[in-house]
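In case you want the letters, here they are:
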Amino acid sequence: MTKRKSTEQLNNKEIDNLHELDEQEEEEFEGFEDESDDNDDEIQQKSTVNGKNTQGLKLKKKLKATHLADELRNIQEAVQLYKSNIFKLEIDELLKELRVDENKTKPVDKILHQIKEIVENIEPTEEMLLPEAEELISKTGISIPFPDPKPQPDVQYRFKYDKPADFNLVGQYSLKTMIKTPQKFAIDVVVTMPDQIFHDKDILNYRYFHKRAFYLAFLASSLQKNEDLSLKISYEYLDGDHLRPVLRLDPINDGTKTELHKAKCYIRIIPGITNSVFSHNKLSGSRNCIRYDQAPVDSLKPTPYYNSSILSDTQLFDNTVFLHKAAKSSDSFRDACKLGEIWLRQRGFSSSVDGGGIGAWEFSILIATLLVGGGSHGSRVLSKGFSNYQLFKATLNFISLNDFTEYAVTMGNEAVDTEGFDGLPVLLNNAVGLNTLWKTSSYSYERLRHEASLTVKELDDIKGDHFDSVFLDRVDSIVYQYDLTASLKFSKSQSDKAYRELERVFSPSYYAYFTSKVYRVLKTGLGERAALVSVKFKESSQWDLTDRKPSLIGEPSFTIGLILNPEHSEQQVTHGPSAEDKSAADSFRNFWGSKSELRRFKDGSITESVVWTTQPDRSVVGQIMTYLIGRHLGESVAASITFVADGLNRLFMDDPQLGEGNAFGNFQKALNAFETLRKMLIDIDDLPLRVSTVMPASQILRYASIQTPAEFQVKSVHDFADVVIELETSSKWPEDLKAVQHSKAAFLLGIGKSLEAADASIIVRPGLGRDLDTIENFAHLDVLFANGYAFRVRITTEREASMLKNYKQDKDLGQRTLRKLERKLTLAARHTTEFQTLCHRFPFLSPTVRRVKKWFHSHYLSPHVDDILIELLTLTVFLRPFPWTPPANATIGFLRTLYLLAHWDWRSDPLILDIDSSLNIHEIQEIRDSFKSLRTHDPEFSQVAMFVAVNYERSGTLWTSPGPSKVIASRITALARASCEVVKSAISDKLTESAAFERIFATPLQDFDFVLHLNDLTAANSLIAYPPQADLLCDAVGLYFAELQTVFNDNVLLFRDNTSNDAIAGVWDPKVLEPKNWKVYLGYSSRPDKDGKVKANVQAMVREMARLGGDLVADVEIYREG
C-alpha cells in the first residue's frame, strides 16, 4: 500500500496563506437527535463577576474581531480564488438554489418515527429452515428477494427475525447535504440486525445475504399490513448492488399530497449489521468467501465485490458519523459536498453500479478522508480552513493528478491490504479495510478522472467564466459528449456461455459483466485511436414485493462513447508486435482473428498488422468497433449496433458539395495555384514599387468554402479566390484618397501586363468595384490560370488606412470605407492566415465549418451573416470546447455549434476568442468593457446584436455589424434550438435514416410573408466554358436581390440562399402592415382601408418585385398580407 501525492502537488499557492482551524472535540451522532450548534460550548463559557458578565464582553470583542477577519478573508478569497466576485456570487446563489427547504422535510420526521415504532413492535420469530421461512413469507403475498444464486431447498442454516439492535438515520438527509433535483431524493434509515441471528460461517456462500433477504421480507410484510402507514412499499437494489436489496417507501399516487409528496423524497429501509458480527480480516479484498468449486481454498481467487458488499453493511452508520465529524471540523464541508454532487450529476455519475459507483456519498467520503489524510506519509491533503470552492476544486485536482488504481488513498500511514482490487480505484477505510469505491469500475473511474481534469482546466482559466459549464450544463449528453457514440443491445445472460458461475461471483449483475467485457475489447482494439472509451448501461433496480427480483422490461441496451485522438483515429493500419516476438504475435492474432496478417513496411520491419479500408459511410473507428464486437461478443450483438447521428452523417456524405473525396486534398490544389501566383507576383520587377506581401483573403484558401474548389469550376464571381497584396513602403503615395485609388488601379494594370508577359496562358481582367472617382472604390485584377483556378487581386496600403482614419471631408464615409477595407481586405487576410493554421491544428475544423455554413445558407441567412462570422462561431467549439474536448468528428462539431447557437445569450454575453492565448486578463476586460458600453448606449440592439471579438479584431463588431440584426440573431437562435430538438428526437427514437435529419436543413417557408421562387440557373451555368466570358460571370440573383433591397429599402427584410439561388423570401416590417393616415411620400404602395386610412398594398409590391426579376422569377407565394 502506498500513498500518492501530497498537498504540495495541488498547485494551489493559496494553501500556504490560510490558517487551519483548531481541532474541535467531536460529538457522537445519534439517530434522530438534532445536531448541536458548533458555537454552543463557546457561548456557555460566560462568567459573572460582581454581577457583570466580563467573559461575555470579551467574547463579544472576540466575535467582532473574528467577523472582521472573516470579511477580509472573503474579499481576499473572491480576488484570489474565485477569479471574480461574480463567480463567487454565482456559487453562493447556486448553493442557495440547491438548498432543500427544511420546512417541507420536517414533517417527514413524523413518518420516520412512525416507521421506527412499527419496526420496534414487530414480534420475533423462531428459527426455521428455508421451506418454513418461504412458507411464512408467502402467506403475506410477498416474495423473499434472494440474490442469485438462490439457496438450495435443503440448506441447513436457519432463518430468524429478531428485533433490531438499532434504528438510525444515515446518509445525506442526516448530514443535510441533499440538494434539489428533478428526481426525488432518498432518506436512508438503517435497521441494524441483531448479532445473534448470524454465525461466523454466514460470510460464506451467500448465507449472510440469504438471511438478510429473509429479514428484509419479514420487515416488508409487517410494514405492509399496518393500515396507518399509507405508503407504497417495493424492493430496490441498494445503489444497484444485486446482493443487497432494500425497502423503498414512496408516497401513494392517489391524488392526495402527503408530506413525502411535498418534500419530493422517498424512504429507504436498509438492513445493516454491527462491526462485531464478522471478522474484518476475513472480509478483506484478498480473501475468498465463495467456494465455487472443490479446489483448495488457498487456490481460489479473492472475492472483493462480495466481501465489500458485506463490509458495507457494517459501515452505514459509521460512515455517517465520520462525515458528521468532518462537517464539524470544516464549516465549508457540507457546501463542498453539494458542489460535488451537482458536478457529478451533470456528468451522469451516481453511487449506483450503472452510474459508475461514485456519487455524492463517495465524493463526500473522499473529501472527509483528504481532510484527515490521503497525502504522503499520512499527511492531510485538504485544510479545514478551506472555503467550499477550495475544497471542491482541490478534491477534483487530487482526483485528476492521482491514479487511485496505482496508489491507494487512505486515512492513515499504516500499511493496509489492497490486494484483490487490482486495476480498480481504492479509497480505503483503514479501520475495517473497506474500499469505498468497490462498486466503481475501471472505465467509470477513467471517465471520472477525465472529467475532473477538464474541470480543473476550466477553473484554472482566469480569462473566462466557466460557471455554467462546470455546474449548470448537462455534460453527459448522448448527442454532444463524445466524438463517436453507439448504442448496443445486450445479449441474453442465459445464452452467454461465458457468464458462468465464476463470472457471477465477481459480477452479480450480468449487465455490468457484459459492459466490462465490451470495454476491455474496445480499449485493447482501439489503442491510441481513442483517448477515452466510455461504456454506460441502465438497468431496472426497483420491483414489486411479489417478485424475487426485477423483471426485464423491454430490450436493455447500453451506449459506447469514444473521445477520439484526431492524429490517430483514422489511420488505416493497426500495428502489432514484431514477428520475432512469438508470444505477443500469437496474442495479437488471437485477438484480431483473420484480420491479422504479417506485413513488411518501408522501414524494413515485419510485424503483425490489420489493414482497414476507407469507406464513405463508416469511419475506420466504426469499422473496428463493429468487427471486434462481432468477433468477441457475437455477430448478433454487432448487428444491433446503432451509431448515434449516423443518418445525419450520411446526409453530409451524400451531399454533392460536402461529401466529395478528400476535402483537404482538393483545397490543397487551390492553395498550390495560389502559391504559384504568389511567387509570380513577388518576382515582378518592372513596377515602381515591388510587391512585398501576398496574402490569401478568401474562404476558398482557408479550407472553409462549402464547395471544395476544383479545376475549371469558375461559374460566377463568387468562384474567384480573393488575394490581397501589399507594395513596398513609399512616401510618394498621393495625399488624396481618390488619387490613391487611381494609383492602385494603375499598379494593377501593370501587374496584369507583367503576369501575361511571364506566362502567356494566364488571362488577366482588370475591374472596378465602383466609380473610380470615389474613395470607396476597390479596384481589382482577375487572374485566371490555365489549370482552371481563378483569383481576384486587390491592393492595400498602410497609408490608405491612415488617411481614412483622418478623413475630415466626410467622417462617416471615411469610417465606413475603413471598415470595408478591414472587413474585406486587411483583416480578412489576417483571418485567412490564422484560420489556415487552426485547420491544421484541429483536423476536423474545416469539415465542421463547411457543414455549419451549409446550415446557415439553407435557412436563407446568406445576406445577413458574414462567412467569417460563421467561421468564428464554429471555431468557438474548438477553442472553448468546455465542458467537452475539441471535436474529433465533423458531425459532432456541427452539432455542438448548433448547441452553442441555441444556448448563447448574445444579448448579455460577448463571445471572445483568444486563438493563440496572447490576450491577458486586462485586455479581455477591456473587450468586456467595450461590450458593456455598447449595450449601455444601445440597449435595443439596433446597431449591434452579436458581439464576437478575436485577437486581431477586438472591437467585436467588424463582422457583426450591420448584420446580423436583432431580428436575424433571434431567428438564428430559434432555428438552432429547433434543429437541436430535431436531432434529439431522431436520436431518442433511434432513427438512422438520412430523412430523419433532413428537417435540420429545411427552412419553414411559412415563416416568411412571401416567397419569390426563382428559375434554376444550373443548366445555364453548366454551359459556361473555361475561361468564362466576363459578362457571363455576373451574379444575376445577387444583383436582383441588391436591387430589391435598394427599391424597397427598410420596408421589407429579404432572405436568400446564395449557394442554391432557388428563392428570395421576405418579411414585411410590422409598421408597414399597420393602417395609417394617407400622406405624400408614404414610402410604399398602399391601398384604401377602413376609417379613411390606407394599408400596404402587399400584392402590388410583390408583383412589382416579380416584374423586376423578369425571367428569373418562376413563381410567387404570398403567405401573409397583414
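Our subject is the structure listed above.
Residues numbered from 1 in each chain as written. Predicted model: local features only at pLDDT ≥ 70, side-chain atom pairs only at ≥ 80, totals over all residues. Heavy atoms only, no water.

Right, let's get into the pattern of salt bridges. Throughout the structure, instances matching the rule amount to 44 salt bridges. A salt bridge links Asp148 to Arg548, with the shortest nitrogen-to-oxygen separation between them at 2.9 Å. Taken together, the residues Asp148 in the loop between α6 (130-138) and β1 (166-170) and Arg548 in the loop between β11 (542-543) and β12 (557-564) connect sequence positions 400 residues apart. Accessibility expressed as a relative area gives 36% for Asp148, which makes it partly exposed. Residues Arg268 and Glu236 are paired through a salt bridge, measuring 3.9 Å at the closest nitrogen-oxygen approach. Highlighted residues: Arg268 in strand β5 (residues 265-272) and Glu236 in strand β3 (residues 231-238), separated in sequence by 32 residues. Summarising the burial analysis for this pair, Arg268 and Glu236 share the class buried. In the salt-bridge network here, residues are joined through shared partners; they are Lys184, Asp188, Glu236, Asp239, Arg248, Asp250 and Arg268. (Salt bridge = Lys/Arg side-chain N within 4 Å of Asp/Glu carboxyl O. Helix = DSSP H or I, 4+ residues; strand = E, 2+ residues; numbered from the N terminus. Buried < 20%, exposed > 50% of the residue type's maximum accessible area, 1.4 Å probe, protein only.)

Moving on, we come to the sheet that holds strand β25 (residues 1052-1056). Ordered in space as β25-β26-β24-β29, the four strands form an open sheet in which the pairing is antiparallel. Strand pairing shows two members of the sheet lacking a second neighbour, β25 and β29 (1113-1118), which therefore form its edges. The average undirected angle you get between the axes of adjacent strands in this sheet is 20°. Here four bridges tie strand β24 (residues 1010-1014) to strand β26 (residues 1063-1068), and the two strands are oriented antiparallel to one another. From the neighbouring strand, Val1011 faces β26, where its bridge partner is Ala1065. (Pairing = 2+ DSSP bridges. Axes fitted to C-alpha atoms, helices over the stretch in contact; angles between N-to-C directions.)

Count 3.6 residues to each turn of an α-helix, and residues three or four apart come out pointing the same way. For helix α35 (residues 1098-1109), which comprises 12 residues, the first-to-last C-alpha distance of 17 Å matches the rise-based estimate of 16 Å (1.5 Å per residue) to within 8%. Listed in full, the buried residues belonging to α35 are Val1098, Met1101, Val1102, Met1105, Ala1106 and Gly1109. Buried residues of α35, viewed axially, fall in a sector of 145°; they line one side. α35 presents Arg1103 and Arg1107 as exposed residues on the side facing more than 90 degrees away from its buried surface. Looking one or two places after α35, you find Gly1110, whose phi comes out positive at around 60°. (Expected span 1.5 Å × (residues − 1). Arc of directions from axis to C-beta.)

Okay, the pairing of strand β18 (residues 721-727) next. Taking burial as the measure, the seven residues of β18 include five buried ones, the bulk of the element. Bridge analysis of strand β17 (residues 691-696) against β18 gives five bridges, and the strand direction is antiparallel. Across the sheet, residue Pro696 finds its bridge partner in β18, namely Val723. Two elements, β18 and strand β21 (residues 790-795), share five bridges in a ladder whose sense is parallel. By the bridge assignment, Ala721 is partnered in β21 with Phe791.

Bringing the packing of helix α8 (residues 207-224) against helix α10 (residues 304-314) into the picture now. It is at 11 Å that the axes of α8 and α10 come closest, and there the two elements cross at 45°. Between α8 and α10, the crossing angle belongs to the class labelled oblique. Both α8 and α10 take part in a crossing whose hand is left-handed. Between α8 and α10, the contacting residues are Arg207, Tyr208, Phe209 and Arg212 on the first element and Tyr306, Ser309, Ile310 and Asp313 on the second. Split by residue class, the contact of α8 with α10 holds four nonpolar, one polar and three charged. (Parallel < 35°, antiparallel > 145°, perpendicular 65-115°, else oblique. Left-handed = near helix turned anticlockwise from the far one by under 90°. Contact = heavy atoms within 4.5 Å. Nonpolar A, V, L, I, M, F, W, Y, C, P; charged D, E, K, R; others polar.)

Once that is clear, we can look at the sheet that holds strand β20 (residues 780-784). Spatially, the five strands line up as an open sheet ordered β17-β18-β21-β20-β19, and their pairing is mixed. Each end of this open sheet is capped by a strand with a single partner; those strands are β17 and β19 (763-767). Within this sheet the neighbouring strands show an average axis-to-axis angle of 25°, counted without direction. Sheet topology note: the β19/β20 ladder contains five bridges and is antiparallel. Residue Val764 lies in a different strand from β20, and its bridge partner there is Val783. Contacts from helix α24 (residues 737-758) reach β17, β18, β19, β20 and β21, with the element oriented near 15° to β20.

In this structure, the amide linkage connecting Asp148 to the following residue, Pro149, adopts the cis form with an omega of 0°. Within the element layout of this structure, Pro149 appears in the loop between α6 and β1. Phi at Asp239 takes a positive value of approximately 55°, unusual for a residue other than glycine. With respect to the element layout, Asp239 can be found in the loop between β3 and β4 (241-251). Given the relative accessible area of 22%, Asp239 is considered partly exposed. The backbone of Ser917 shows a phi angle near 60°, a positive value even though the residue is not glycine. Position of Ser917 relative to the elements: it lies in the loop between β22 (911-913) and α30 (921-937).

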